[in-house]
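Fold and contact review
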Amino acid sequence: MYDYFNKRNIYWHYDYRTESCITWNNYIIRSYEIDEKHRDKRIQENIARSNQNRKEAEEKASAITSQKDVILAWRNGSRIRECKIDYREFVPPRRRGQYGSWRNSYVYVSNLTFKNTQLKLVGQNVVTSRDASVPLSSAIAAFHLFNSCVEVSNRTGKLIFGFSNDFKVGIYNLRDIQYIEKYTDAGTKVGYMSWLIRIGCHNLWIDDIMEFIRYYNLEDQFLNKHKDNNKKKTI
């Protein structure tokens, strides 16, 4: 809806008319404020759409390369085949009064990334995906201590075991062992309970540790007499 404005035969938008908008200058200020509001809303919508585009591209990239493939490549010292997923990215404006622009962008699958800290065997050392290393013998001793904690938990219901600086794994302090809902290194909960062993700044989950043990056929050294200790709280 437009109404006639009596300056230079210009029509103004009827919705802009308020009690305070009665002069030409009032109209210019009012129209600028409304345009800015519409522009800001459109920019925020475009940013949200762009973020969703990137999220979908990352999900496609993740589907191409499974965690199992990434871990295997890391343990073998090879790289994941590089690929890229296209998506539309919104570039916000740098100045007021601009709308921004869209451009083609990409998500690359080339680096080895892990949802949780992983382990591999290098000689007689256990190496983490975060580049920490401990002797295999020290890792085995820590695992036997873990199994002892599970035995106590099965008898008493205790779910958290703290160690302060009383137990070392290599050069690192064993901080605690606890039974909680598993989460990724990024903090995302995965929906099931598991045992967590915290050593230094590393979070090691028992299902990932068991996968490492089985992959390198180390059951005899790690499990030993404790094979049936974890039946109550599964690993």
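The written sequence of each chain sets the order in which its residues are numbered from 1. Where local features are concerned, this predicted model is filtered to residues with pLDDT of at least 70; where side-chain atom pairs are given and counted, the filter is 80 or more; whole-chain, interface and lining totals use all residues. Where side-chain values are given, they derive from all heavy atoms of the structure, hydrogens and water being excluded.

Quick notes on the nonpolar core
What counts here: Only buried residues count toward a nonpolar core. Its members are Ala, Val, Leu, Ile, Met, Phe, Trp, Tyr and Cys residues joined through side-chain atoms within 4.5 Å. Working definition: with a 1.4 Å probe on protein chains only, accessible area under 20% of the residue-type maximum means buried, over 50% means exposed, and in between means partly exposed. To qualify as a helix, a DSSP run of H or I must reach at least 4 residues; to qualify as a strand, a run of E must reach at least 2; elements of each kind are numbered from the N terminus. Residues count as neighbours in contact if any of their non-hydrogen atoms are within 4.5 Å of one another.
In this structure, Phe143, Ile177 and Phe222 are the most contacted members of the largest nonpolar core, which totals 31 residues. Taken together, the elements giving at least two residues each to this core come down to helix H3 (136–156), strand E10 (172–183), strand E11 (189–199) and helix H4 (206–215). If you tally residues by element for this core, the top one is H3, at 9 residues. In contact with Phe222, not counting residues within four places along its chain, are Leu136, Ala139, Ile140, Phe143, His144, Asn147, Phe212 and Ile213. Counting 5 residues, the second-largest nonpolar core is a separate cluster that includes Ala61, Ile85, Tyr87 and Val107.

Observations regarding the environment of Gly123
The residue Gly123 is located in the loop between strand E5 (119–122) and strand E6 (125–128) in this model. Residue class for Gly123 comes out exposed when judged on its relative accessible area of 53%. Considered as a pair, Gly123 and Pro135 are 12 residues apart in the sequence and their alpha carbons are 9.3 Å apart.

Examining unusual backbone geometry
The residue Asp131 is not glycine, and still its phi comes out positive at about 70°. Structurally, the position occupied by Asp131 is in the loop between E6 and strand E7 (133–135). Its relative accessible area of 71% is what places Asp131 among the exposed residues.

A look at the pairing of E10
Operational definition: Only strands joined by at least two bridges in the DSSP assignment are considered to pair.
Taken together, the 3 bridges between strand E8 (residues 160–162) and E10 define a ladder with antiparallel strand orientation. Residue pairing for E10: Gly162 is matched across the bridge by Asp176. With 2 bridges joining them, strand E9 (residues 168–169) and E10 adopt antiparallel strand pairing. Bridge pairing in E10 links Val169 to Tyr172.

Quick notes on the side chain of His202
Put simply, the rule is: Polar contacts here mean pairs of N or O atoms no more than 3.5 Å apart (in protein, one a potential hydrogen donor and the other a potential acceptor; neighbouring residues in sequence count only if both atoms are side-chain atoms).
Looking at the secondary structure, you find His202 in strand E12 (residues 202–205). The exposure class assigned to His202 is buried, which follows from its relative accessible area of 7%. Among the polar contacts listed, one links the side chain of His202 to the side chain of Thr128, at a separation of 3.0 Å. What His202 contacts, discounting residues up to four positions off in sequence, is Thr117, Thr128, Arg130, Ala132 and Ile197.

With respect to the packing of helix H2 (residues 67–76) against H4
Let me state the cut-off plainly: All axes are obtained by fitting lines to C-alpha atoms, using only the stretch in contact for helices, and the reported angles, taken between N-to-C directions, cover 0 to 180 degrees. Oblique is the label for every angle not falling under 35 degrees (roughly parallel), over 145 degrees (roughly antiparallel), or within 65 to 115 degrees (roughly perpendicular). Put simply, a crossing is left-handed when the front helix is turned counterclockwise from the back one by less than a right angle, and right-handed when it is turned clockwise. Three classes are used: nonpolar for Ala, Val, Leu, Ile, Met, Phe, Trp, Tyr, Cys and Pro, charged for Asp, Glu, Lys and Arg, and polar for all others, with Gly counted as polar.
Where H2 meets H4, the axes come as close as 13 Å, and the angle between the chain directions of the two elements is 50°. With respect to H4, the element H2 is oriented oblique. Here H2 and H4 pass one another in a crossing that is right-handed. For the pair formed by H2 and H4, the contact residues are Leu72, Arg75 and Asn76 on the first element and Glu211, Phe212 and Tyr215 on the second. Taken together, the residues of the contact of H2 with H4 break down into 3 nonpolar, 1 polar and 2 charged.

Things to note about the confidence of the model for the protein
Rules: Each residue carries a pLDDT score, the predictor's confidence in it, ranging from 0 to 100.
For the protein, the average pLDDT comes to 83, and 80% of its residues sit at 70 or higher. Every residue in residues 226–235 scores below 50 in pLDDT, and together they form 22 contacts with partners more than four places removed in sequence or on other chains.

Description of the side chain of Asn116
Looking at the element boundaries, Asn116 is found in the loop between strand E4 (101–109) and E5. Among the polar contacts listed, one links the side chain of Asn116 to the backbone oxygen of Tyr183, at a separation of 2.9 Å. Those residues in contact with Asn116, other than ones at most four positions away along the chain, are Ser129, Lys182, Tyr183, Thr184, Asp185, Trp205 and Asp208.

So, the packing of aromatic side chains
Condition: Only centres within 6.5 Å qualify two rings of Phe, Tyr or Trp (six-membered ring in Trp) as a pair; their planes then separate them into stacked at under 30 degrees, edge-to-face at over 60, and tilted for everything else. Sitting over a ring, as applied to charges here, requires NZ of Lys or CZ of Arg to be within 6 Å of the ring centre and within 35 degrees of the ring normal.
If you walk through the whole model with that rule in mind, you get 11 aromatic pairs. Consider the rings of Phe143 and Phe146, whose centres lie 5.6 Å apart with planes at 45°: the pair is tilted. Of this pair, Phe143 and Phe146 both sit in helix H3, 3 residues apart, roughly one helical turn. Exposure class is identical for Phe143 and Phe146. Each is buried. For the pair Phe161 and Trp195, a centre-to-centre distance of 6.5 Å together with 40° between the ring planes defines the contact as tilted. Of the two residues, Phe161 sits in strand E8 while Trp195 sits in strand E11, which places them 34 residues apart along the sequence. Residue Phe161 shares its accessibility class with Trp195, and that shared class is buried. Three or more aromatic residues link up through ring pairs in this structure, and these residues are Phe143, Phe146, Phe161, Tyr179, Trp195, Phe212, Tyr215, Tyr216 and Phe222. Over the ring of Tyr99 we find Arg39; its NZ or CZ atom is 4.7 Å from the centre of that ring. Sitting above the plane of the Tyr215 ring, Arg75 keeps its charged end 4.7 Å from the centroid.

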